[in-house]
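# A closer look at the structure
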Amino acid sequence: MAIVEDRNIIAVDVQNAVKRYGSFTALKTISLSIKDNEFFTLLGPSGCGKTTLLRIIGGFEELSEGAISLFGDEIAKLPPNKRPINTVFQNYALFPHMTIEENVMFGVEMRGGSKAEARQRASEMLDLVQLTQFASRKPSQLSGGQQQRVALARALAPEPKVLLLDEPLSALDLKLRQAMRYELKEIQRKAGITFIFVTHDQEEALTMSDRIAVMSSGELQQLGTAREIYESPHNTFVADFIGETNLLEVSVDALSGGSATCHLGGGHELICDEVKGVGVGAKVHLSIRPERLTLSDTPMEGASLSGVVRDNIYIGTDIQTIVDLNEGPQMVIRTSNSDRGNKRIFEPRSPVFVNMEKGAARLLAD
Amino acid sequence: MAQAGEDIKNYPGFMPITLFCLVVLYAPLLVVMIYSFNESKSITVWQGLSFKWYVDVFVGPESAKFKEAAINSFSIAIVAALAATAIATSAATGMLRGGSFRGRGFSFGLINLPLIVPEIVTAVATLIFFSAIDFERGYLTILVAHIAFCIPFAYMPIAARMQGIEDTYEQAAMDLYANKTQAFRLVLFPLMLPGIVSGFILAFIISLDDFIITNFVKGAGIETLPTAIFGAVKQGIKPNIMAISTMLLAVSIVMVTISYFVGKSGDKLKQPPGEK
Ligand SMILES: Nc1ncnc2c1ncn2[C@@H]1O[C@H](COP(=O)(O)OP(=O)(O)OP(=O)(O)O)[C@@H](O)[C@H]1O
Ligand SMILES: [Mg+2]
């Protein structure tokens, strides 16, 4: 079924949001636009303000400054029960004295639906999360994963325009968490509404999201698709926080035709794409993902840095090789285990060259 | 954790002290219970099993007096406990859900102060209060006094239960389009109910059992069970008093048992493990 939809309708628009608790500023002027139908993730380390921002959107906290609108309507002053936004709470907050069905019916009834409507809707939702056979149980009789799905069904039942999810998977064990990622994504696709998802787990963010907002200490660091964030981090924080990377200190020697020539200690030289805000003579960081590096025993065309293998670490899918560059810093190179047939593994202490494809190295403005 | 060798049971003197406490606590009660079934009028010599003193309570020469006292006692206890529970529930909601407001700590003290004020002081003060406003002493003065001193007793279990209810439940209700009243009625109140029932029962027992304050504020011509028993005992202890006491004890035990099971039946408030 092909649905023609405008991918650019803005569902939630946060403008210059500031949140202060006394003298502490939890959110420092955050602006972001979340599109309709988007799986949008707020990602950042503990204490960076993800929950605070989510609670502001839900109506549980008031903004100190700024504006927030939902499909064009200003909602900053509306109480939570007047906002067509529902929340999956981090601890689920299922009503312990009600059955699963009553829990899911609650929002529909409060929104003015009849008992019959609510029951109908609850059965649809429990079907969606595959918990129909548990309808008459109490929440305490379900496992953590099942409770999580009930919380999802309950929040979806009143047909909100936006669903907020605060680390809904954090209480689950690893296997279940991974399975739920796909389920959640699938449910979002079926429900066709905007999900705003909070997590501090970057893998979760990368695998599920249409777009990710990376936050740190109350500030928005970067906003983009998983690919943009991973491959073109704007700054050191994002490069370091998302995935593994080689962060090298370099100084920029020359700029020409969109490329920057940089050197790092030991006379090693690198060419990478120019970045706004980095001029000649600047001392900045450079990020290179370990999987974009290869090893060889003779120098190859392009950037080829000489060094000595320190160690090989077997990590399941990959082998991680640590190389000490001659009179330079250490680098980590990742070789996929499936490539082993056509790639050599160098023993410790053997001299090697570290090669990178064009565009692998990325200059970071700060 | 105590090691096996340091088990409290192995401390010298543990058994004698335990026995002494149990005897002091329960021997008098046992004596009263046993002798309430005594055939003879004696309160020290056992002469065979009989229910005659129980019959005497209901049809004997003093039965009219006891019946009236019992009606007063129970009606006052029910009304006082209901009123105190209603007030305590609102107080707990305000104290624990009203956010922080000026004088919160002070209000907390105010609610619980009666627990530590010696009862005789409260009794005298209440009496002075009623005299000062020229309130005629009788059923109503007892009732008002009972409502007042029952509030902290009703408040304690209600507040304890409420403290265990995280405010995410109300937030979830509000998130699901309930207004404040609905969130209270449909979510918070049902979750508080076990605490409210316990509070009611505690207040009921405290009221039923009160002697000092009642005796001060009751005025002439009206008795509750405790004051009636006290009056009767002044003319010598008869086994019918033991029968009444045993029945009162039974009522207390039944109420406390109900309270215990209500507390246990309440829905578990435990949250699934998660990072907070
Ligand atoms: N009610 C409050 N009063 C004062 N400070 C608060 C309050 N709520 C949050 N904060 C502070 O605001 C900052 C952001 O908190 P927030 O809960 O949004 O973090 P988070 O990104 O969700 O972290 P986590 O991943 O640990 O859940 C924290 O430093 C926290 O201490
Ligand atoms: Mg949080």
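Note that the structure is a prediction, hence the values are computed from the model and not measured.

Rules used in this analysis
- Each chain has its residues counted from 1, running along the sequence as written.
- Chain labels run from A onward and ligand labels from 1 onward, assigned in the order the entries are written.
- At least 70 in pLDDT is required for a residue's local features to be given in this predicted model, at least 80 for side-chain atom pairs to be given and counted, and no such filter applies to totals for whole chains, interfaces and linings, which use all residues.
- Hydrogens and waters are ignored; side-chain quantities use all the structure's heavy atoms.
- What marks off one domain from the next here is an automatic or database domain assignment.
- Contacts were defined at the residue level, with two residues in contact if any of their heavy atoms lie within 4.5 Å.
- Each of two parts loses accessible area, computed with a 1.4 Å probe, when they are put together; buried area is these two losses added.
- When a carboxyl oxygen of Asp or Glu is within 4 Å of a side-chain nitrogen of Lys or Arg, the pair counts as a salt bridge.
- The term polar contact refers here to a pair of N or O atoms within 3.5 Å; inside protein, the definition further demands a hydrogen-donor-capable atom paired with an acceptor-capable atom, and it admits residues adjacent in sequence only when both atoms are side-chain atoms.
- Put simply, DSSP marks the helices as runs of H or I at least four residues long and the strands as runs of E at least two long, and each gets a number from the N terminus on.
- Three classes are used: nonpolar for Ala, Val, Leu, Ile, Met, Phe, Trp, Tyr, Cys and Pro, charged for Asp, Glu, Lys and Arg, and polar for all others, with Gly counted as polar.
- A fitted line through C-alpha atoms represents every axis, and for helices the fit uses only the stretch in contact; the resulting angles, taken between N-to-C directions, go from 0 to 180 degrees.
- Working rule for angles: under 35 degrees goes down as roughly parallel, over 145 as roughly antiparallel, 65 to 115 as roughly perpendicular, anything else as oblique.
- Helix crossings fall into two classes, left-handed where the near helix is turned counterclockwise from the far one by less than a right angle and right-handed where it is turned clockwise.
- Exposed residues in this analysis have more than 50% of their type's maximum accessible area, buried residues have under 20%, and partly exposed residues fall in between, with area computed by a 1.4 Å probe over protein chains only.
- The pairing criterion is simple: DSSP has to find at least two bridges between the two strands.
- Only heavy atoms are used to decide nearness, and a residue is near a molecule or strand if one of them lies within 4 Å of it.
- The Shrake-Rupley method, run with a 1.4 Å probe, gives the accessible areas here. Residue values count only the displayed protein chains as cover.
- Only Phe, Tyr and Trp rings take part, Trp by its six-membered ring, and two of them pair if their centres are within 6.5 Å. Stacked means planes under 30 degrees apart, edge-to-face means over 60, and tilted covers everything else.
- Each residue gets a pLDDT score, which is the predictor's confidence in that residue and runs from 0 to 100.

## Considering the domain arrangement of chain A
Accessible area lost when the parts come together is the quantity often used to give the size of an interface. Residues and elements named next belong to chain A. Splitting chain A by domain gives domain 1 (10-236) and domain 2 (244-364). Each of domain 1 and domain 2 was reduced to a C-alpha centroid, and the two centroids are 39 Å apart. Contact residues are listed per partner, giving eight residues for domain 1 and six residues for domain 2. On the domain 1 side of the interface with domain 2, the three residues burying the most area are Y230, P233 and T236, jointly 71% of the side's total. Inspection of the region where domain 1 meets domain 2 yields zero salt bridges. The tally of links from domain 1 across to domain 2 stands at three residue pairs in polar contact (both at pLDDT 80 or more). It is helix 7 (residues 226-231) that contributes the most residues to the side of domain 1 that touches domain 2, three residues altogether. Each residue belonging to the side of domain 1 that touches domain 2 can be placed in one class, and the counts come to three nonpolar, four polar and one charged.

## Structural notes on the packing of helix 3 (residues 63-97) of chain B against helix 10 (residues 225-234) of chain B
Residue and element names in this part refer to chain B. Running from N to C, helix 3 and helix 10 point in directions that differ by 150°, and their axes come no closer than 8 Å. Between helix 3 and helix 10, the angle falls in the class roughly antiparallel. Taken together, the residues of helix 10 that come into contact with helix 3 (itself represented by K65, F66, A69, A70, S73 and F74) are L225, P226, A228 and A232. Per-class residue counts for the contact of helix 3 with helix 10 are eight nonpolar, one polar and one charged.

## Some points on the packing of helix 3 of chain B against helix 4 (residues 104-112) of chain B
Residue and element names in this part refer to chain B. Packing of helix 3 against helix 4 brings their axes to within 11 Å, and their N-to-C directions diverge by 155°. In terms of axis orientation, helix 3 runs roughly antiparallel to helix 4. The two elements helix 3 and helix 4 meet at a crossing, and its hand is left-handed. Two secondary-structure elements touch here, helix 3 through A91, M95 and L96 and helix 4 through R104, S107, F108 and I111. Split by residue class, the contact of helix 3 with helix 4 holds five nonpolar, one polar and one charged.

## Remarks on unusual backbone geometry
Residue and element names in this part refer to chain A. Despite not being glycine, E167 shows a phi value in the positive range, around 40°. Along the chain, E167 falls in the loop between strand 7 (162-166) and helix 5 (174-191). One non-glycine residue, R349, adopts positive backbone phi at about 75°. Looking at the element boundaries, R349 is found in the loop between strand 18 (330-336) and strand 19 (351-356). Owing to a relative accessible area of 70%, R349 belongs among the exposed residues under this scheme.

## Details of the side chain of N246(A)
Residue and element names in this part refer to chain A. Checked against the element boundaries, N246 lands in strand 11 (residues 246-256). For N246, the side chain forms a polar contact with the main-chain nitrogen of V332, separated by 2.7 Å. Not counting chain neighbours up to four residues away, the residues in contact with N246 comprise L286, S287, I288, R289, P290, L293, Q330, M331 and V332.

## Notes on the sheet that holds strand 18 of chain A
Sheet strands pair via backbone hydrogen bonds, and the direction of the pair is either parallel or antiparallel. All names here are of chain A. Strand order in this open sheet of five strands is 15-19-16-17-18, and the pairing throughout is antiparallel. Unpaired on one side and paired on the other, strand 15 (293-296) and strand 18 mark the two borders of the sheet. Across the sheet, the mean angle separating the axes of adjacent strands is 45° when strand polarity is ignored. Where strand 15 meets strand 19, four bridges bridge the pair, whose relative direction is antiparallel.

## Considering the sheet that holds strand 12 (residues 259-264) of chain A
All names here are of chain A. Spatial strand order, 13-12-11-14-20: five strands in an open sheet with antiparallel pairing. Strand pairing shows two members of the sheet lacking a second neighbour, strand 13 (268-273) and strand 20 (361-364), which therefore form its edges. Strand after strand, the sheet turns through a mean of 45° between neighbouring axes, direction not considered.

## Focus: the site of ligand 1
All names here are of chain A. Every residue close to ligand 1 is listed here: Y21, F24, A26, S46, G47, C48, G49, K50, T51, T52, E167 and H200. Between ligand 1 and T51 there is a distance of 2.5 Å, counted from an oxygen atom to a side-chain nitrogen or oxygen. Between an oxygen atom of ligand 1 and a side-chain N or O atom of E167, the distance comes to 3.3 Å. Coverage of ligand 1 by the protein chains reaches 62% of its 640 Å² of free accessible surface. At the level of elements, strand 2 (24-35) and helix 1 (50-58) are the ones that each hand at least two residues to the shell around ligand 1. No other element matches helix 1, which puts three residues into the shell around ligand 1. Here the shell around ligand 1 is built from residues that sort into four nonpolar, six polar and two charged.

## Focus: the packing of aromatic side chains
Two aromatic rings are characterised by how far apart their centres lie and by the angle between their planes. All names here are of chain A. Counted according to the given criterion, the structure contains 17 aromatic pairs over all chains. Ring plane angle 10° and centroid distance 5.5 Å describe the contact between F237 and F241, whose orientation is recorded as stacked. Of the two residues, F237 and F241 are both situated in helix 8 (residues 236-241); the distance of four residues between them amounts to about one turn of the helix. One aromatic cluster is present, built from ring pairs that chain together F39, F195 and F197.

## Remarks on the confidence of the model for chain B
All names here are of chain B. Counting all residues, the mean pLDDT for chain B is 86, and 94% of those residues have values of 70 or more. Of the regions scoring below 50 in pLDDT, residues 271-276 engages in 14 contacts with residues more than four places distant in sequence or in other chains. Confidence metrics for the complex model read pTM 0.80 and ipTM 0.80.

## Describing the interface of chain B and chain A
Across the contact, 25 residues belong to chain B and 31 residues belong to chain A. Across the chain B to chain A interface the summed buried area is about 2,500 Å²; carbon plus sulfur atoms make up 61%. The interface formed by chain B and chain A contains zero salt bridges. The tally of links from chain B across to chain A stands at seven residue pairs in polar contact (both at pLDDT 80 or more). Looking at the side of chain B that touches chain A, the elements with two or more residues in it are helix 7 (168-175) and helix 8 (180-209) of chain B. It is helix 7 of chain B that contributes the most residues to the side of chain B that touches chain A, seven residues altogether. Of the residues contributing to the side of chain B that touches chain A, the split by class is 14 nonpolar, six polar and five charged.

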